[in-house]
Amino acid sequence: MHPAFSVIFFTVASGAGYGLLALLGIGNALGLVPADRVFGLCSLGLATALITAGLFSSTAHLGHPERAWRALSQWRTSWLSREGVAALAAYVPLAAFGIGWAIFGGVDGLVAIAGLLGAILAFATVYATAMIYRSLKPIHQWHNRFVVPGYLAMALASGAALLNAFVQIWGRPQLAVGVVCAVAIVVALFAKQRYWHFIDTTKSASTPESATGLGAIGKVRLFEAPHTEENYLLKEMGYKIARKHAAKLRAIALNAGFHIPLALTLIATALPGTLAIAASCVAAILLLAGLAVERWLFFAEAKHSVMLYYGAQTA
Amino acid sequence: MTGYAEPAAGAKKLGLVIDLDTCVGCHACAVNCKEWNSGGHSAPMTDLDPYGANADGVWFNRVHTFEAGESPESRTVHFPKSCLHCEKPACVEVCPTGASYKRAEDGIVLVNADTCIGCKLCSWACPYGAREFDADEGVMKKCTLCIDRIYNENLAAEERVPACVSTCPASARHFGDLGDPQSEVSKLVEARGGYALMPEMGYAPVNRYLPPRAAKKTVGCTGAEAELAKPAETAGLHPLLRWMDKVLSR
């Protein structure tokens with residue numbers, strides 16, 4: 001599948017934003033994050049900026065961005081529509097949480113409840129995003145049970161890395177935040193490795209024989225394609241440039257997105273002041289960069305069953 | 001609304017039956033589809049750089065050619081493919097705007113170009129590659145089963161079939177109601193063992209494909225073998241010896 005930059009940026013940036021929002025909501029309710037206004041303004045401001053930039057980016061790949069509002073109507077059947085509804089709904093508690101915290105300086109009572117509601121809707125939005133991919137039967141590499149846990153864990157891990165950097169910068173390091181961050185990275189790493197193992201060892205039940213129904217005669221191979229130049233189908237579903245570099249890219253994603261941020265997060269818990277700030281900031285930046293590579297692979301390694309009509313032997 | 005009622009038993013299910021035994025791979029169906037639909041329901045069928053090195057454009061119908069099996073039993077099969085108007089069209093379910101819909105009255109799957117946002121998710125959800133994005137118009141396009149022909153009272157009755165069906169010189173394409181077991185197309189499917197593509201996906205396509213008939217072993221009614229006779233064992237011998245062999249074999 002063609003990796004559209006706008007969708008990669010959207011899922012990584014808004015995933016991190018929702019992860020940060022969820023952890024701020026929960027962390028505030030548990031009293032684990034600094035209660036001062038400027039901290040609320042900066043941390044929730046970054047979460048809002050990431051979420052909003054991601055959502056705008058996601059409309060960039062539309063043929064008619066000005067009609068994007070129509071996507072809110074079909075939430076009964078469409079995960080894309082549900083994602084849109086959840087994403088917009090999340091702004092309501094996010095705004096209440098942010099205004100209550102940063103402007104009125106309150107972090108308990110209704111403000112804390114708004115934070116928790118924001119956490120729930122952030123979770124729902126990332127879940128809906130993952131389900132868009134999970135529900136597509138023609139793409140074996142997406143239609144499996146490892147996709148949703150991966151998306152949720154990676155959103156949480158990236159949000160946690162940002163939160164950890166924030167509390168370090170504020171000079172209010174919390175062992176709990178560092179531990180949550182490390183655990184989230186380990187869970188995300190486990191989910192991703194299970195995912196890669198799955199796509200490496202299994203393939204779609206569909207074959208050129210089932211696609212054409214000619215299996216009774218024997219093995220089916222493409223003799224002549226219907227057209228000489230690339231069409232929309234080949235450009236959108238036939239993307240395979242990255243596959244030959246998949247091993248290297250996976251190593252980059254693993255190290256930048258998981259191994260090094262995990263090590264830096266753990267080290268930061270034992271380091272004093274400035275060094276801890278540097279380690280946690282580098283961890284967050286590397287993690288986001290690694291997730292961008294991971295997300296690129298998520299698209300580039302996905303094979304669509306339509307390619308069985310264009311000479312692919314497996315999907 | 002993107003929800004759709006699954007067709008009840010006996011409901012009308014308009015679709016195509018494509019005979020892979022008689023299709024000669026001439027692409028006339030694809031060309032006539034392009035011609036008719038360039039002015040039809042989902043017009044235009046945009047072409048980008050049509051005379052340049054990277055010609056690209058929207059087509060609703062494409063003819064692939066496959067080889068199946070190993071020689072001498074192998075077959076070359078021309079394989080036209082267009083929207084199968086599935087009974088469980090995930091392309092309709094995933095549409096966030098309701099622009100993609102399945103008509104309750106005849107089962108035709110269509111796109112409303114006025115409300116499509118061009119998110120392309122429907123094309124990802126289609127296992128068959130039946131939908132093609134029009135980059136110029138920013139909306140998704142697909143086979144309409146020539147909805148502007150089949151109900152068109154300005155056309156002669158025999159022309160009220162999809163453009164691909166009307167133009168096929170080999171009569172390899174048939175149009176009708178596959179929901180009615182007594183229709184001509186249903187009988188054809190029954191008689192010839194018509195099948196659906198990728199049934200394992202669970203989309204329940206309406207269109208059916210008729211498999212190539214078994215290769216003939218004899219020539220017409222003569223009883224002669226279709227294969228060339230093997231050269232005689234004496235082929236390399238001196239003519240005198242061949243004559244003697246013939247005489248002695250009498």
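The written sequence of each chain sets the order in which its residues are numbered from 1. The order in which chains are written sets their letters, starting at A; the order in which ligands are written sets their numbers, starting at 1. Local features in this predicted model are restricted to residues whose pLDDT is 70 or higher, and side-chain atom pairs enter the listing and the counts only when it is 80 or higher, whereas totals over whole chains, interfaces and linings include all residues. Excluding hydrogens and water, the side-chain values take into account all heavy atoms of the structure.

**Things to note about the overall build of chain B**
- Across its full length, chain B carries seven helices and eleven strands.
- Our radius of gyration is a C-alpha quantity, and the globule rule it is checked against amounts to 2.2 Å times the number of residues to the power 0.38. For 250 residues, the compact-globule formula gives about 18 Å, and the C-alpha radius of gyration of chain B, at 24 Å, lies well above that figure.
- Dimensions of chain B along its principal axes, counting C-alpha atoms only, are 85 × 50 × 40 Å.
- Residues counted as buried form 51% of the 250 residues belonging to chain B.
- Counting only contacts in chain B whose residues sit at least 6 apart along the sequence, the fraction spanning at least 24 positions is 58%.
- All accessibility values rest on the Shrake-Rupley procedure with a 1.4 Å probe; residue burial counts only the protein chains present in the view. Total accessible area on chain B stands at roughly 12,100 Å², and carbon and sulfur atoms take up 54% of it.
- Only four residue types enter the tally: Lys and Arg on the positive side, Asp and Glu on the negative side, with His and both chain ends excluded. Here the site of a charge means atom NZ of a Lys, CZ of an Arg, CG of an Asp or CD of a Glu. Across chain B, the centroid of the 26 positively charged side chains sits 5 Å from that of the 32 negatively charged ones. Working definition: helices are DSSP H or I runs of at least four residues, strands are E runs of at least two. Numbering for both runs from the N terminus. Burial classification: accessible surface area is computed with a 1.4 Å probe over protein chains only, and a residue below 20% of its type maximum counts as buried, one above 50% as exposed, and the rest as partly exposed. Every residue pair with non-hydrogen atoms within 4.5 Å of one another is taken to be in contact.

**Some points on the packing of helix α6 (residues 175-201) of chain A against helix α10 (residues 273-300) of chain A**
Residues and elements named next belong to chain A.
- Axis separation between α6 and α10 bottoms out at 13 Å; the angle between their running directions is 20°. When the interaxial angle is binned, α6 and α10 end up roughly parallel. As α6 packs across α10, the resulting crossing turns out to be left-handed. Side by side, α6 and α10 meet where Ile-185, Lys-192, Tyr-195 and Trp-196 of the first sit next to Leu-287, Glu-294, Leu-297 and Phe-298 of the second.
- Under the scheme applied here, ten amino acids are nonpolar (Ala, Val, Leu, Ile, Met, Phe, Trp, Tyr, Cys and Pro), four are charged (Asp, Glu, Lys and Arg), and all others, including Gly, are polar. Grouping the constituent residues of the contact of α6 with α10 by class yields six nonpolar, no polar and two charged. To obtain each axis, a line is fitted to C-alpha atoms, and for helices this fit is confined to the stretch in contact; angles are then taken between N-to-C directions over 0 to 180 degrees. Throughout this description, any angle smaller than 35 degrees is read as roughly parallel, any larger than 145 degrees as roughly antiparallel, any in the 65 to 115 degree range as roughly perpendicular, and the remainder as oblique. Handedness of a helix crossing follows the sense of rotation of the near helix relative to the far helix, less than a right angle counterclockwise being left-handed and clockwise being right-handed.

**As for the interface of chain A and chain B**
- With 57 residues of chain A at the contact, the number on the chain B side is 61 residues.
- Summed over both partners, the accessible surface that disappears when two parts come together, traced with a 1.4 Å probe, is what is meant by buried area. Taking both sides of the interface into account, the surface hidden between chain A and chain B amounts to around 4,700 Å²; carbon and sulfur atoms contribute 60%.
- When the area that chain A buries against chain B is broken down by residue, the three leading residues are Arg-221, Tyr-232 and Tyr-309 of chain A, summing to 14%.
- Salt bridges are counted wherever a side-chain nitrogen of Lys or Arg sits within 4 Å of a carboxyl oxygen of Asp or Glu. At the surface where chain A touches chain B, the tally comes to three salt bridges.

**Here we look at the side chain of Ser-78 of chain A**
- Assignment of secondary structure puts Ser-78 of chain A in the loop between α2 (37-60) and α3 (79-103).
- A distance of 2.7 Å separates a polar atom in the side chain of Ser-78 of chain A from the backbone oxygen of Val-94 of chain B.
- Excluding residues within four positions of it along the chain, Ser-78 of chain A makes contact with Glu-93, Val-94, Cys-95 and Pro-96 of chain B. Whenever two N or O atoms come within 3.5 Å, that pair is a polar contact, provided that in protein one can donate a hydrogen and the other can accept it, and provided that, for residues adjacent in sequence, both atoms are side-chain atoms.

**Here's the deal with the layout of surface pockets**
- Its boundaries defined by the atoms lining it, the largest pocket holds a volume of some 610 Å³.
- Elements that contribute at least two residues to the lining of the largest pocket include exactly α1 (5-29), α2, α3 and α4 (110-134) of chain A together with α3 (121-125) of chain B.
- Per element, the largest residue contribution to the lining of the largest pocket is six residues, and it comes from α3 of chain A.
- Across the lining of the largest pocket, the residue classes break down as 19 nonpolar, seven polar and one charged. Cavities and pockets are found on a 1 Å grid laid over the protein atoms alone: a cavity is a set of points where a 1.4 Å probe fits but cannot escape, a pocket is an open set with protein on both sides within 12 Å along at least five of seven lines, and a lining residue has an atom within 4 Å of such a point. Grid points are joined across faces, edges and corners, and a volume is the space filled by probe spheres set on the points.

**Side note on the pairing of strand β1 (residues 14-19) of chain B**
Residue and element names in this part refer to chain B.
- Within β1, six of the six residues are buried, which leaves it mostly tucked inside the rest of the structure.
- Strand pairing is assigned whenever DSSP detects at least two bridges linking the two strands. Relative to strand β10 (residues 173-177), β1 runs antiparallel, the two sharing five bridges. Note on β10: the bridge partner recorded for Leu-14 is Asp-177.
- With three bridges connecting them, β1 and strand β11 (residues 208-210) associate as parallel partners. Bridge pairing in β11 links Asp-19 to Leu-210.

**Topic: the nonpolar core**
- Within the largest apolar cluster, 148 residues are counted, with the highest numbers of intra-cluster contacts made by Trp-142 and Tyr-309 of chain A together with Trp-124 of chain B.
- Of the residues forming this core, the biggest block, 13 residues, is contributed by helix α5 (residues 147-169) of chain A.
- In contact with Trp-142 of chain A, other than residues within four places in its own chain, are Met-1, Tyr-133, Arg-134, Leu-136, Val-147, Tyr-195, Phe-298, Phe-299 and Ala-302 of chain A together with Trp-124 of chain B.
- Side-chain atoms within 4.5 Å are what join buried Ala, Val, Leu, Ile, Met, Phe, Trp, Tyr and Cys residues into a set we call a nonpolar core. Formed by six residues, the second largest nonpolar core is a distinct cluster that contains Val-17, Val-185, Val-206 and Leu-210 of chain B.

**Overview of the pattern of salt bridges**
- Across all of its chains, the model carries 18 salt bridges over all chains by this definition.
- For Lys-13 of chain B, the salt bridge goes to Glu-87 of chain B, with nearest N and O atoms at 2.9 Å. Of this pair, Lys-13 of chain B sits in the segment before β1 while Glu-87 of chain B sits in the loop between β5 (75-81) and α2 (90-94), and the two are 74 residues apart along the sequence. You'll find Lys-13 of chain B and Glu-87 of chain B in the same group, each marked buried.
- The closest approach of N and O atoms between Arg-62 of chain B and Glu-132 of chain B, which form a salt bridge, is 2.8 Å. Pair noted here: Arg-62 of chain B is in strand β4 (residues 62-68) and Glu-132 of chain B is in strand β8 (residues 131-134), with a separation of 70 residues, a long-range link.
- Salt bridges sharing partners connect three or more residues here, namely Lys-192, Glu-294 and Arg-295 of chain A.

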